[in-house]
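What follows is each chain in one-letter form.
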Amino acid sequence: MGARFIPVFVLFIAIPRAHGVKPVTIAQMGEILDANRGRSDTRVAGEIAGFKLTERVSARQFAAWEAQFPGPQTQDRLLVLSDESAFQPLPASEISADPSPALSAEEKILDAARIYASKTMRNLPNLLAIRTTVHFQSSSDDALKRARENPVGSEGVDDLPLSFTGQSSAPIAYRDGNEVAVDHGRMPGSHGLTTRDEFGPILTIVLGDAKQGSIVWGYWQRNGNTRIAVFRYRVPAEKSHYLVNFPEGGLIRLRPAYHGEIAIDPETGSILRLSIVSDPKRLPEPAIGVVVEYGSVNLGDRPYIVPLHGIALGKVPIGSIPRQDGSAITPVQTFLNDIAFRSYQLFRADSRILSPEESRQLREEVPAAGSPGSPQHP
């Protein structure tokens, strides 16, 4: 199989800076929420808007917060907090103290994952699903204003609140080993932010690149009564097949260096979580990244591992502001997409792909997941 590229339109990630933002742990955020229990939705949302989590929020923790605070504004803030934390380390309580496996056992797990990515995922049955994307972004005007007001440094110019800008839902098909996006359903203001190839190619490309770069043992992640093997990898630019199309001021195509984590079921080789974080060399390259989480869905008479949730997060340079010392500040605009794959069904002989008009009608009928009043998170 020849080398393939991952086409990605403006995917992002960035680590938050401390200026104007208060970093907190999951436990501290829990205390903040408890202290605001019973207050108005607007008050609670405002209280948590200025915080960034330093630990990754689990789906279980997010669901608990969501159940306790049903207000639409608070749930939007919680969704942003949770998604922004996706690239942070897990809290210590979710990491097992068990010793790392022997090198031979590590290789066995990685070999099983490579077989899984190259064969099992490609042998998924033909299926249909709905991809729902919730869009958030910061204000480009506010970013430029803050940069102009801070002409002697760059700290804090990229830490602006994210606001809900829209939701889109579109059918997607997986047929004969290939992902078929029927209609990406891009929303106005989404800035071309989209992902693809979650059904397999992204796995084989990252595992292939990591083998040419470096991949090392990370840790055992607790998963109920079982463990997940987590490896860390890094790919230099000269080995990268991670293609980024950056449509600003004309199409810019990049193959950046990148790194991330791969979470693997050690018994089956199934890949349960994949993160990709780019390592841009210089501005105006965007800082980019994506997370895809996989889980079991029953199709027909058996379970299959399929994409369930994705996150695209990052910062895009939007200009250059001269500084007093003769250099320049490059303000950035932040974008966040929360992506859910739902309503899986087998693609049978009586199934068909919708026309663009029918898919637009479907998007209008699907509940506005993530819109004010009904944010969703798998």
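In what follows, the structure referred to is the one given above.
Residues numbered from 1 in each chain as written. Predicted model: local features only at pLDDT ≥ 70, side-chain atom pairs only at ≥ 80, totals over all residues. Heavy atoms only, no water.

Now for helix H3 (residues 59–68). By the burial criterion, the buried members of H3 are Phe-62, Trp-65 and Glu-66. Buried residues of H3, seen end-on, are gathered within an arc of 100° and therefore sit on one face of the element. Projecting away from the buried face of H3 at angles above 90 degrees are the exposed residues Arg-60 and Ala-67. (Buried < 20%, exposed > 50% of the residue type's maximum accessible area, 1.4 Å probe, protein only. Helix = DSSP H or I, 4+ residues; strand = E, 2+ residues; numbered from the N terminus. Arc of directions from axis to C-beta.)

Let us look at the packing of aromatic side chains. Counting across every chain of the model gives five aromatic pairs. With 4.9 Å between their ring centres and 65° between their planes, Trp-217 and Trp-220 make a pair best called edge-to-face. There is no split in this pair, since Trp-217 and Trp-220 are both buried. Their ring planes at 90° and their centres at 5.2 Å tell us that Trp-217 and Phe-231 sit as a pair that is edge-to-face. Of this pair, Trp-217 sits in strand E7 (residues 214–223) while Phe-231 sits in strand E8 (residues 226–235); the two residues are 14 residues apart in sequence, bridging distant segments of the chain. The exposure classification of Trp-217 matches that of Phe-231, with both residues buried. Put simply, the rings of Trp-217, Trp-220 and Phe-231 touch in pairs and so form one group of aromatic residues. (Phe/Tyr/Trp six-rings, centres within 6.5 Å; stacked < 30°, edge-to-face > 60°.)

Attention now moves to helix H7 (residues 201–212). Counted at 1.5 Å a residue, the expected span for H7 with its 12 residues is 16 Å, and the 17 Å between its end C-alpha atoms agrees. The set of residues buried in H7 consists of Pro-201, Ile-202, Leu-203, Ile-205, Val-206, Leu-207, Asp-209 and Ala-210. (Expected span 1.5 Å × (residues − 1).)

A separate point is the pattern of salt bridges. Two side chains bearing opposite charge may form a pair once their charged atoms approach each other closely. Within this structure, the stated rule accounts for nine salt bridges. Between Lys-52 and Glu-84 there is a salt bridge, with its nearest N and O atoms 2.7 Å apart. Placement of the pair is Lys-52 in strand E3 (residues 51–53) and Glu-84 in helix H4 (residues 72–84), with a sequence separation of 32 residues. For Lys-52, a relative accessible area of 13% corresponds to the buried category. A salt bridge links Glu-293 to Arg-273; the shortest N-O distance between them is 3.9 Å. Highlighted residues: Glu-293 in strand E13 (residues 289–299) and Arg-273 in strand E12 (residues 271–279), separated in sequence by 20 residues. Relative accessible area serves as the criterion here: at 10%, Arg-273 is assigned to the buried category. Connected through salt bridges with shared partners, the residues Arg-56, Arg-232 and Glu-261 form a single ionic network. (Salt bridge = Lys/Arg side-chain N within 4 Å of Asp/Glu carboxyl O.)

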